[in-house]
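Coordinate analysis (summary)
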Amino acid sequence: QMCIRDRSTWAMGTRLTEQKHLYAALNNCAFVSTGNFAAENFTKPFVFLMDMSMLGVGVGFDTKGAESVIIKRPNSLDKIIITIEDSREGWVNSLKFILHSYFIGTNEVSFDYSKIRPKGILLKTFGGISPGPSPLKELHKGVQEVLNKNVDRPITSRTIVDIMNMIGKCVVSGNIRRTAEIAFGEADDTEFLGLKNYTLNPERAPYGWASNNSVFAKLGMDYSKICESIEYNGEPGLCWLDNMRAYSRFCDPPDYKDRRADGGNPCLEQTLEPFEMCCLVETFPFAHSSYKEFEDTLHSAFLYSKAVTLGLSHWEETNEVIARNRRIGCSMSGIAQFLDKFGLHVLKEWTQKGYEFIQGVDEKLSKAFGVCRSIKTTCVKPSGTVSLLAGATPGLHFPESRYYIRRVRFGRDTPLHEALLKAGYKIEVEEHSSDGQGMVVEIPVTAGSNVRTVKDVSMWEQLALAAFLQENLSLIHICRCRRYAVCRSRWSPYH
């Protein structure tokens, strides 16, 4: 009836939180801006993204720092060798040393990787199997090559995204998690718009997949070039930041609670300020027999999320914004199944009553915890693994088919590999695996015999459902509807 993120389930109550106090691992997502940083601090957004990604937090970032820093040639006269510690902090700091050398012009660095545990060793704190130093070496090489090509030039939006994507690939190869990123660019930045066009930029194919790419859109702008790109590969997405800052729901007048927001999380169901994190939790209303039962689930889900906001992170900037916002995303999945079971009018009743119920719960919990009310309380996640565990269709989406194949990546060295082989599942080597250890398994899935698929639902009905949920539950900022970008409007025929 509800489910928290899988990393939180694994991390809570363990040495990770109880001894190391890394409560960031309990959060789903974060955002960092590259704007407003001087050269000496320009490493911070990249370091933040790598640090949070290695804790299992999906991170959004923007390209507002483009042209703000001149890439310098490191001082090669006094080269220094740094021994990398075998820890998350060691990996993250190694990136920081490289970036400092190019952004500030400090001494050129090289690394001693001898302390990093060899490939195949069990990672007790973070889980998974050690990949050895290879992914980190590849990251260092890739970042240095990108920066060397741009010495004595202002950093570009492409260079920002390249580095962030290489970090994402490193984290994935490091077997910590399947990292999530979203890159926000400007709508008139032709370089940014072409980043996912691997005909134009074939060298980006090995790492360009690491982020969703979206542009900040304005009402009334010319969408023609963007639509050409969307038609080609489904990206970029469209992000109306003005709406994100102004509205909590479209049925309510503008409240401008999020006037400080500069972006959002990788699936963009939540607005976020720079360095902010957010805790999301999913509920599955179709799995309830009555609204009263659903209220009990909402109370438990919100209580969990509010409690997570009490845990301090190891980033000062993050703690400051969390203390001010206490942002929560109490979400709904399995909406296609709910419509099949109860119908649209019941969905409208449950979303409206549920939203008001959550506001009351937030008021009581905030007083009990001695903290402020949450700036946002609801969302509609596009979902993924969490909804699969519950046997639910993801978010508001209708399934592609009632029967389909789900492909999942995993490491060759994990115990899961042998178990899947014995069970007879089809397994292949991952095409872009840097060390040949990435595997992909095919799992047959059924979404249910009566659920309508996207072939049964017109584009307009899908758009109307998105607008309906924006009006009654939460402002959904990005959604894709069979390769069409959803335009945000206050109009909704879904009544």
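Further up the page is the structure itself.
First, a word on what this report is: a plain description of the structure on this page.

Let's shift gears to the overall build of the chain. A tally of regular secondary structure across the chain gives 16 helices and 17 strands. Taken against the 2.2 N^0.38 rule, which gives 23 Å for 495 residues, the C-alpha radius of gyration of the chain at 22 Å falls within 12% of a compact globule. Projecting the C-alpha coordinates of the chain onto the three principal axes gives extents of approximately 70 × 55 × 50 Å. When each of the 495 residues of the chain is scored for burial, the buried share is 56%. Long-range contacts, defined as pairs at least 24 residues apart, comprise 74% of the intrachain contacts of the chain with a sequence gap of at least 6. Split by element, the accessible area of the chain, about 21,000 Å² in all, is 53% carbon and sulfur. The averaged location of the 57 negative side-chain charges in the chain is 3 Å from the averaged location of its 59 positive side-chain charges.

For the rest of this paragraph, the subject is the pattern of salt bridges. Using the criterion set out here, one finds 33 salt bridges in the structure. Its salt-bridge partner being D362, residue K306 comes within 2.7 Å of it at the nearest N-O pair. Here the residue K306 occupies a position in helix α10 (residues 291-308), and D362 occupies one in helix α13 (residues 344-369), the gap between them amounting to 56 residues. As far as the burial class goes, K306 and D362 line up, both buried. Note that K367 is salt-bridged to E363, the shortest N-O span being 3.8 Å. Here E363 and K367 lie together in helix α13, a separation of four residues that amounts to about one turn. With relative accessibility at 36%, the residue E363 sits in the partly exposed group. The structure contains a network of salt bridges with shared partners spanning R158, D162, E203 and R204.

Next up on the list: the nonpolar core. Of all hydrophobic cores here, the largest spans 104 residues; its most connected members are F46, M50 and I167. For M50, the contacting residues outside a window of four places in its chain are W91, V92, L95, L136, L139, I167 and C170. Listed in part, the 13 residues of the second largest apolar core include C29, F31, L241 and C278.

So, on to the packing of helix α5 (residues 134-148) against helix α6 (residues 157-173). The geometry of α5 relative to α6 is characterised by a closest axis approach of 9 Å and an angle of 170° between their N-to-C directions. Here α6 runs roughly antiparallel to α5, going by the angle between their axes. Across from P135, L136, E138, L139, G142, V143, V146 and L147 in α5, the residues of α6 making contact are T159, D162, I163, M166, I167, K169, C170 and S173. Counted by class, the contact of α5 with α6 contains 10 nonpolar, three polar and three charged residues.

So, about the side chain of D51. Summarising the element assignment, D51 is placed in helix α3 (residues 44-54). By relative accessible area, which is 5% here, D51 ends up buried. Within the local environment of D51, its side chain forms a polar contact with the side chain of W315, the two groups lying 2.7 Å apart. When near neighbours in sequence (up to four residues on either side) are disregarded, D51 contacts R88, V92, H314 and W315.

Let us look at the side chain of S53. Of note, S53 is situated in helix α3. Polar contacts involving the side chain of S53 include one to the main-chain carbonyl oxygen of L49, which spans 2.7 Å.

Turning our attention to the packing of aromatic side chains. Evaluated as defined, the whole model comprises 18 aromatic pairs. For the ring pair Y223 and W240, a centre distance of 6.3 Å and an interplane angle of 50° mean the geometry is tilted. In this pair, Y223 sits in the loop between β7 (211-216) and α8 (224-233) while W240 sits in the loop between β8 (237-239) and α9 (241-246), placing the two residues 17 residues apart along the sequence. By relative accessible area, which is 3% here, W240 ends up buried. Members of the aromatic cluster, joined through ring pairs, are Y291, F294, F338, F342 and W350.

What counts, and at which threshold
Residues numbered from 1 in each chain as written. Predicted model: local features only at pLDDT ≥ 70, side-chain atom pairs only at ≥ 80, totals over all residues. Heavy atoms only, no water. Helix = DSSP H or I, 4+ residues; strand = E, 2+ residues; numbered from the N terminus. Rg over C-alpha atoms; globule rule 2.2 N^0.38 Å. Buried < 20%, exposed > 50% of the residue type's maximum accessible area, 1.4 Å probe, protein only. Contact = heavy atoms within 4.5 Å. Areas by Shrake-Rupley, 256 points an atom, 1.4 Å probe, with all protein chains shown as cover. Lys, Arg positive; Asp, Glu negative; His and termini not counted. Charge placed at Lys NZ, Arg CZ, Asp CG, Glu CD. Salt bridge = Lys/Arg side-chain N within 4 Å of Asp/Glu carboxyl O. Core = buried A, V, L, I, M, F, W, Y, C linked by side-chain atoms within 4.5 Å. Axes fitted to C-alpha atoms, helices over the stretch in contact; angles between N-to-C directions. Parallel < 35°, antiparallel > 145°, perpendicular 65-115°, else oblique. Nonpolar A, V, L, I, M, F, W, Y, C, P; charged D, E, K, R; others polar. Polar contact = N/O pair within 3.5 Å; in protein donor to acceptor, adjacent residues only side chain to side chain. Phe/Tyr/Trp six-rings, centres within 6.5 Å; stacked < 30°, edge-to-face > 60°.

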